[in-house]
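Each chain, letter by letter, is given below.
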Amino acid sequence: VQLQASGGGLVQSGGSLRLSCAASGSIFRIYNMAWYRQAPGKERELVARPTSDGTTNYADPVKGRFAISRDNAKNSVSLQMNSLKPEDTAVYYCNADGVLTPWRRFNSWGQGTLVTVSS
């Protein structure tokens, strides 16, 4: 499975960006798609992840500013980021897990897309 992320870039504080990630390969079903980020010198952390009950887990620092959306038909996930802050600067990674054809579980990461927020 390949995950192709796009949409990162340089934006001023208060601005917006939209990240997209599309999965390709012999995919039978994707169970979960999520966004993570890793800031310089820090560990990778979860940003947003829809749950099986229809809700979404957001990291506390992004609640109310970021919104994740998933297109099951296109095996894709997006992250709308508004009111960006310098502390949002990081490499953003998409993650997906599911089942391939023939049956085999997978858990894959995208290559990462850099988001830089200037003050």
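Small disclaimer: the values here were computed from a predicted structure and weren't measured. (Residues numbered from 1 in each chain as written. Predicted model: local features only at pLDDT ≥ 70, side-chain atom pairs only at ≥ 80, totals over all residues. Heavy atoms only, no water.)

Engineer: An account of the overall build of the chain is requested, with residue identities and associated values reported.
Structural biologist: When helices and strands are counted, the chain shows zero helices and 11 strands. Counting helices and strands in the order they occur from the N terminus, the chain gives β-β-β-β-β-β-β-β-β-β-β. The C-alpha radius of gyration computed for the chain amounts to 14 Å, which stays within 12% of the reference 14 Å derived for 119 residues, consistent with globular compactness. With the principal axes as the frame, the chain shows a C-alpha extent of 50 × 30 × 25 Å. Looking at the chain as a whole, 41% of its 119 residues are labelled buried. Across the chain, contacts joining residues at least 24 apart in sequence account for 57% of those joining residues at least 6 apart. Carbon and sulfur atoms provide 47% of the accessible area of the chain, an area that totals close to 6,600 Å². In the chain, the 13 positive side-chain charges and the 8 negative ones have mean positions that sit 6 Å from each other. (Helix = DSSP H or I, 4+ residues; strand = E, 2+ residues; numbered from the N terminus. Rg over C-alpha atoms; globule rule 2.2 N^0.38 Å. Buried < 20%, exposed > 50% of the residue type's maximum accessible area, 1.4 Å probe, protein only. Contact = heavy atoms within 4.5 Å. Areas by Shrake-Rupley, 256 points an atom, 1.4 Å probe, with all protein chains shown as cover. Lys, Arg positive; Asp, Glu negative; His and termini not counted. Charge placed at Lys NZ, Arg CZ, Asp CG, Glu CD.)

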